[in-house]
Amino acid sequence: KWSEDYFPFTTPSFELEIKYEGEWLEVLGCGVIHEEVLQMADRPDRRGWAFGLGLERLAMILFEIPDIRLFWTDDERFHSQFKEGQITKFKPYSKFPPVYKDIAFWIPEDFVENDFFEMARGVAGDIVERMELIDEFTNPKKGKTSKCYRITYRSMDRSLTNEEIDALQDSLREKVEVDLGVEVR
């Protein structure tokens, strides 16, 4: 499916997702390049499209890799599993438990879910393993919609503490209210 999206150097911007095993997977981002970008490249007379293909998403399917963050690890336990010219199923190795935290808020009309996802990853970095919408309802009296997201935190190389994650959640709560105009519940 095609969806409108936000990328910093294009407008309008779109993403292409495919449904695989019941979940939507982003495999392509694209958009019309901002005129300012073309001017900075000494090409103000041109117009163009920018595309980004999510090869790592496709590799996740091919090699059955559950977490995109593994592609950026220097851990030899990951790299040693793959050989050139061979398709090998990934064998998981993280032994560290996840930490689950929920965040619920009333959303403004112009709320963009992807902005929230990017903000959470900006606050917590690569320990955000997964973010999923677990509840949504509209209060008929107030005419306001609330969304609740479950964030799964997990480190690939150590156990996380509740205190550490609570501090990140507090920071995220403050940031979403200021930057996205939501009302945290």
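A few points on the structure. Remember, it's a predicted structure, so these values are computed and weren't measured experimentally. Per chain, residue numbering runs from 1 following the sequence as it is written. Local features are withheld for residues below a pLDDT of 70 in this predicted model, meaning they are given only at 70 or higher, and side-chain atom pairs are given and counted only at 80 or more; totals for whole chains, interfaces and linings count all residues. Side-chain calculation: all heavy atoms of the structure are included, whereas hydrogens and water are not.

A short note on the pattern of salt bridges
Salt bridges are defined by distance alone: a side-chain nitrogen of Lys or Arg within 4 Å of a carboxyl oxygen of Asp or Glu. This model, assessed by the stated rule, comprises 16 salt bridges. For Arg150, the salt bridge is made with Asp102, and the minimal N-O distance between the two is 2.7 Å. Note that Arg150 is positioned in strand E7 (residues 144-153) and Asp102 in strand E5 (residues 99-107), a separation of 48 residues in sequence. Whether a residue is buried, partly exposed or exposed follows from its accessible area with a 1.4 Å probe, protein chains only, as a fraction of its type maximum: under 20%, in between, or over 50%, in that order. A residue is classified by how much of its surface remains accessible, and Asp102, at 32% relative accessible area, is partly exposed. Connected through shared salt-bridge partners, Asp67, Arg69, Glu129 and Arg154 make up one network. Helix and strand assignments come from DSSP, with helices taken as H or I runs of at least 4 residues and strands as E runs of at least 2, each series counted from the N terminus.

Here we look at the sheet that holds strand E8 (residues 183-184)
The antiparallel open sheet is built from 4 strands, whose spatial order is E6-E7-E5-E8. The strands lining the two open edges of the sheet, one partner per strand, are strand E6 (128-139) and E8. At least two DSSP bridges between two strands are needed for those strands to be called paired. Where E5 meets E7, 9 bridges bridge the pair, whose relative direction is antiparallel. By the bridge assignment, Ala104 is partnered in E7 with Cys148. Contacts are assigned to residue pairs with any non-hydrogen atoms lying within 4.5 Å of each other. Under this scheme, a helix contributes an axis fitted over its contacting stretch, all axes are lines through C-alpha atoms, and angles between N-to-C directions fall in the 0 to 180 degree range. Against the sheet, helix H4 (residues 113-124) contacts E5, E6 and E7, and its axis sits at roughly 140° relative to E6. Lying on the sheet, helix H5 (residues 162-180) is in contact with E5, E7 and E8; it crosses E5 at an angle near 15°.

Considering helix H2 (residues 55-63)
Every buried residue of H2 is listed here: Ala59, Met60 and Phe63. Down the axis of H2, the smallest arc covering the buried residues is 110°, so these residues share one side. The directions considered for the arc are those from the helix axis to the C-beta atoms.

Thoughts on a nonpolar patch on the surface
Two joining distances apply to patches: 9 Å for like charges and 5 Å for nonpolar side chains (Val, Leu, Ile, Met, Phe, Trp, Tyr), and every residue must have over 30% relative accessible area and no salt bridge. Shrake-Rupley sampling with a 1.4 Å probe provides the accessible areas, and residues are treated as covered by the protein chains on show and by no other component. Together, Ile18, Leu53, Leu55 and Leu58 make up a nonpolar patch on the protein surface, roughly 360 Å² of accessible area in all. Of note, Leu55 is situated in helix H2.

Section: the sheet that holds strand E1 (residues 2-7)
An order of E1-E2-E3-E4 is seen for the 4 strands of this open sheet, with the pairing classed as antiparallel. Lying at the two open borders of the sheet, with one neighbouring strand each, are E1 and strand E4 (49-53). With direction set aside, neighbouring strand axes in the sheet form an average angle of 30°. The pairing of strand E2 (residues 10-20) with strand E3 (residues 23-33) spans 9 bridges and is antiparallel. By the bridge assignment for E3, Phe14 is matched with Cys30. Contacts from H2 reach E2, E3 and E4, with the element oriented near 160° to E3.

Details of the side chain of Lys101
Mapped onto the elements of the fold, Lys101 is located in strand E5. In protein, a polar contact requires one atom able to donate a hydrogen and another able to accept it; more generally it is a pair of N or O atoms within 3.5 Å, and residues adjacent in sequence count only if both atoms are side-chain atoms. A polar side-chain atom of Lys101 sits 2.7 Å from a polar atom in the side chain of Asp166.

Describing the environment of Glu174
The topology assignment puts Glu174 in helix H5. Classification of Glu174 as exposed rests on a relative accessible area of 55%. Glu174 sits 53 residues away from Arg121 along the chain, and the two C-alpha atoms are 14 Å apart.

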